[in-house]
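So the chains spell out like this:
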Amino acid sequence: MGSWPPDDETHAAADKRRQQSRIREAIRSNLGDLVRERKILGSDGRHTVKLPMFRCPEFRIRFGWHDTERVGQAPGGLPGDTNGAACPSAQAPGMNSAAGGDGSAAEDETEDRVPLEEVSAEVFADLALPDLDPARTAPGAGSSVEVVGIGRGGLRQQWAKKSTLLANLRRNAMAGWPGFSGLARQDLRFWVSGPVAAEQGGAVVLAMMDTSGSMGTFEKYLAKSFFFWTVEFLRRNYPQVEIVFLAHDVRAREVDEETFFHRGASGGTVSSSVYRLALDILVERFPADRYNAYAFHFTDGGNLTSDNAIALETGARLASLATLFGYSEIHDSERHPSPLFRGFSQLPGPGLGVMLLHSQEDILRALFHFFGKSRDTSRA
Amino acid sequence: MLKPLDLAALIDRVWPLAEEQGLCPGQIHFELVGRDGLDGLASQQGMPLRYAHWSFGKSYQRVKDANAFQRSQVYELVVNSDPAYAFIDSCGTRGQALLIIAHVLAHADFFRHNRCFREIPHDMIARMAAHRRRIAGWSGQYGSQAVESLIDAAQVLMDFTGESTRDAAGGLTADDVMGYVARRAPLLTQWERECLADLRTEARYFWPQQLTKIANEGYATFWHTRLMRKIAAGAEEAWDTARLNAQIVAVAPPALNPYRLGYQLFARIHESGGLPAVFGARDLYDDGGLVRAWFDDCLAEQAGLAVYQPRADGDKSRMAGAETVKSVLQRDLECAGMPHIRVDGVRSNPSHLYLRHVHDGRDLDFAELPSALKLVAGRIWQAPVTLATIRQGSCREMTHDGTNWLDRDS
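What you are looking at is a predicted structure, and each value in this text was computed from that prediction instead of being measured. (Residues numbered from 1 in each chain as written. Chains lettered and ligands numbered in written order. Predicted model: local features only at pLDDT ≥ 70, side-chain atom pairs only at ≥ 80, totals over all residues. Heavy atoms only, no water.)

Trainee: Kindly report on the overall build of chain A, identifying the contributing residues and their values.
Mentor: Looking only at helices and strands, chain A has 12 helices and 11 strands in total. The buried share among the 380 residues of chain A stands at 45%. For chain A, the proportion of contacts with a sequence separation of at least 24, taken over those separated by at least 6, is 80%. Just so you have it, chain A exposes about 18,400 Å², and 53% of that area is on carbon and sulfur atoms. (Helix = DSSP H or I, 4+ residues; strand = E, 2+ residues; numbered from the N terminus. Buried < 20%, exposed > 50% of the residue type's maximum accessible area, 1.4 Å probe, protein only. Contact = heavy atoms within 4.5 Å. Areas by Shrake-Rupley, 256 points an atom, 1.4 Å probe, with all protein chains shown as cover.)

Trainee: I'd like a rundown of the side chain of Ser338 of chain A, residues and numbers included.
Mentor: Mapped onto the fold, Ser338 of chain A is located in the loop between strand E10 (324-330) and helix H11 (339-346). Those residues in contact with Ser338 of chain A that lie beyond four places of it in its chain are Gly301, Tyr327 and Glu329 of chain A.

Trainee: Before we move on, can you summarise the confidence of the model for chain A with the specific residues and values?
Mentor: Residue and element names in this part refer to chain A. Considering every residue of chain A, the mean pLDDT works out to 75; 74% of them sit at 70 or more. Taken element by element, chain A is modelled with least confidence in helix H4 (residues 83-86), mean pLDDT 33, and with most confidence in helix H6 (residues 161-175), mean pLDDT 93. Segment residues 38-47 is flagged for pLDDT under 50; beyond a separation of four residues in sequence, or across chains, it makes 18 contacts in the model. In this model residues 78-111 is a low-confidence stretch, pLDDT under 50, and it forms 79 contacts with partners more than four residues away in sequence or in other chains. (pLDDT = per-residue confidence, 0-100.)

Trainee: Which residues make up a nonpolar patch on the surface, and what are the values?
Mentor: All names here are of chain A. Judged by side-chain polarity, Trp159, Leu165, Leu166, Leu169, Phe180 and Leu183 come together as a nonpolar surface patch covering roughly 520 Å² of accessible area. Along the chain, Trp159 turns up in the loop between strand E4 (143-151) and H6. Under the relative-accessibility criterion, Trp159 is labelled partly exposed at 32%. (Patch = residues over 30% accessible without salt bridge, like charges linked within 9 Å, V, L, I, M, F, W, Y side chains within 5 Å. Salt bridge = Lys/Arg side-chain N within 4 Å of Asp/Glu carboxyl O.)

Trainee: Break down the packing of helix H7 (residues 177-184) of chain B against helix H8 (residues 190-211) of chain B for me, citing the residues and quoting the values.
Mentor: Helix-helix packing is characterised by the crossing angle of the two axes and by the distance between the axes. All names here are of chain B. Following both chains from N to C, one finds H7 and H8 inclined at 165°, their axes separated by 9 Å at the closest point. By the angle between their directions, the pair H7 and H8 is classed as roughly antiparallel. Between H7 and H8 lies a crossing whose hand is left-handed. Every residue of H8 that contacts H7 at Met178, Gly179, Val181, Ala182, Arg183 and Arg184 is listed here: Arg193, Leu196, Leu199 and Arg200. Taken together, the residues of the contact of H7 with H8 sort by class into five nonpolar, one polar and four charged. (Axes fitted to C-alpha atoms, helices over the stretch in contact; angles between N-to-C directions. Parallel < 35°, antiparallel > 145°, perpendicular 65-115°, else oblique. Left-handed = near helix turned anticlockwise from the far one by under 90°. Nonpolar A, V, L, I, M, F, W, Y, C, P; charged D, E, K, R; others polar.)

Trainee: For the sheet that holds strand E10 (residues 405-409) of chain B, give the residues involved together with the corresponding values.
Mentor: Residue and element names in this part refer to chain B. What the five strands build is an open sheet, ordered E6-E7-E8-E9-E10; its pairing is mixed. The strands lining the two open edges of the sheet, one partner per strand, are strand E6 (340-343) and E10. Direction aside, the axes of adjacent strands within the sheet are offset by 25° on average. Bridging between strand E9 (residues 394-400) and E10 involves five bridges; their strand directions are antiparallel. Bridge assignment links Arg396 to a residue of E10, and that residue is Asp409. (Pairing = 2+ DSSP bridges.)

Trainee: I'd like to hear about the pairing of strand E3 (residues 84-89) of chain B, residue by residue, with values.
Mentor: Residues and elements named next belong to chain B. Counting buried positions over the six residues of E3 gives six, a clear majority of the element. Side-chain alternation along E3 places Ala84, Ala86 and Ile88 on one buried face and Tyr85, Phe87 and Asp89 on a second face that is also buried. Judged from the six bridges that link them, strand E1 (residues 28-33) and E3 form a sheet pairing that is parallel. Residue pairing in the sheet places Ile28 in a bridge with Ala84 of E3.

Shown next, in the form of C-alpha cells:
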C-alpha cells in the first residue's frame, strides 16, 4: 500500500452519495408528511426541517436500551480525582483502536436535520406550470441562450473577427507599430454564450384566498400552506414569474405577500368580487397575448347564495382568459360541495381545475393536481 | 504538523525502551494521516478498504460530527495484520505522538499474543480489498440494488457469527447464525452465498476486537503510561503527553471508559505480580475474563462505577456493592454485549427459519426487532423467520415473513 487514502475520493464519496440518495428517497416517500408539517410555515428563520424518520436506520438484534441495568461511571467526583472539572470538554475517550464496536442504539437516536432547500428540491422536482405557451413575450418561464460577451477562448465557429482585429491593432499600437500585422494567438477573440432571462413564456400567478370569517384555523392553514409551497416553487423554478396576491371577503383587495400570509379573517364571502378584481388586473396589467395566467382560489365554499350565479359567470370568464383557473374548496368534514363547486365542475374546457381538500395530506395532492407535470385534467 | 522524519525519530526513542521492557510488537508499518483520512479510516473500523455500502457514509458523517463538536477524537488506528499497520494523526504535537506510538506498540503486542486473535488471518487488509472488488463486481453484474439489500440484511446477522474465537468453518455451530444461513438459505444463488461468506469473514476479524475492548485498551494505556514515565522527554513534550493521557482516562458519566477501567485492571495486576503477571493476563484474557479474575472490592472502589438504569427521562444510577457491580459488568461484557442467538437446527427447514434467544435476564429491543427480522426473512431466507425469546417474563415467538409481523405466546 502506498499512502492512505489510495482511492479515498471515489470510495468514501460514493458511500456518502449513496447515503444521501437514501435520504432523498426517504424525503420523496414522506413528502406528504413534510408538506403538512406545520413548522415549515413559520418564518422563524430556521431553514431546516426535523426529519426523525430519515435516520436511515440500521436494524440489529440487540438488547433493549431501557429497563436494563448496566455499569457506567458514577456521577460526581471520584476518590482522588480532581480533573473532572478541569477537563469538561473531554466527553469521550480520545483514542480509538481498530476495534469494531458499532454504533450503539443511543448514537442512532439523533435526528437528521434536512435543509428546507433539499426538501423543496424534492417536492418541486416534478412540478411545472402546466400548458405553458412559450410564445408569449413577457418575463416568465422562459430563458434562451444568447451571446453575453467576448472571451479569449472558444470554438472556431464562434470566432469574433472584429474583436480579434481590434485586439491586434491595439497590441501593435502599444508596441509602437500602428497597423494590422502579425496576428498572434493572443489576439484571438470569441463570442461567449450563456443563458439569459428571455422575454418569452411570460407568466403570472394570481393567488386568491378567501379571508372571510367562516374560514377557520384549519381552512386558513390549508390555504396558506398551499400558497406557501406554490410561492416557494415559483421562486425556485421560475424566478421571473410574477405573483399577485388577492385577499377577499365581501370585497377583494390586492395585498402584499406579508399581509397575504399573516392577516386575520372576518366578514362574509362574495367570491365574484375577487374574480372581477382578477379579471381587471389581467386585462390591465397582464394582457393575454404576452402572459400565461394562472389563477388559484382557495375558499371554504361558503359563498353568499345570491352571489353564486355571478361568481360562476365571472369565474368562467376568468377560466377562459387564464391558462388554468384552479378552484379549491376546503372542508374539514364530509359535507356536500357548494353550489359554486358543482357549477365549476360542470363547466367544460381544460382551463379549469377543481379540487376538494379535506385534510393536511391534500396539500401535496393539490400541488400535484395543479402543477404535476403529467397533470391529470380530470376533476379531483 | 508531523513529518515522516519526525515520526521516525520519535519511534526510535520509544521502540528500544518498549523492547527493553519486554514488549514484542513485531513489524509495524507507520503511516501519518491527516484529519480527514483518519476520520475515513475510523468510519470503516480502521480498515483502509471496505466494500461499498451506504452505512459507511453514515458512519463517516457520525465520526465527522463527533469530531466537529469535540466529543471525541481519533488519534490512531491499528490494523491487526502482519506487518501491523498504524495510522497516526499527523496534526498532533510531538509529545502526543510519543504517547500514541507507545500506545500503538502495546496494541500490536496485544494482537500478537492474546489468545483470542490466534486464528485471525494476517492479511485482512488484502482480503477486505478483495471482498471489495468482488462485491463491486456483483454490483455491476446483478445490480447495486440486489447487492445493497443483501448487505443490509446481512449486517443484521454479522453480530452472530459464533461466540467463540475459534473458527468452526462456518455454519456448523448453533451460535453461527450467519454461517448457517449462508449455507442453508434455500433460495440464495451462488454469488449471494459467497457474498455472505465474505461478510462473515470480515465479521470474524472484528469479533476478537469486540471481545477485548477493555483488555486491549487497558493494556495499551498501561504501557503508554509506563513508557512515558521512563522516557526522557522535554518539558513541552511531557506536558502534551500528560494532557493527552488525562483526556484519555477522563470520565463522562454515565459512559463507561474502557481505557480507564482497563488501565486500572492492569495496574492492579502489575501491583500483585509484576510484569510477568501483566504479560500472562495479556495472553489469556478477554474483557469478561479480565473482570472475572481481577475486579475486586478494592478496584471497585477505585474505579468509581455505578449501576445504571437507563430511562427516557434521564438515567438513574444506584450505588451498588462491589459484588453487584462486578456481576452486572460481567454480564455487559460477556459476548461483547450481544445477545445469545442460536439457530434451532431441529425446527428450521427451507420454508421456515427458527432462531432462539438464550435469555440472560435482559430483554431484546423489541422496537427494532421486527425490522431486523424482516430484512432477514425478506432478503436472505425468503421465507418466515421466527425468533423465540422472553419478553417481560413470558415466552414469545416473534415471526416475520417479509410482509407481516406476528408476536404470539409459546
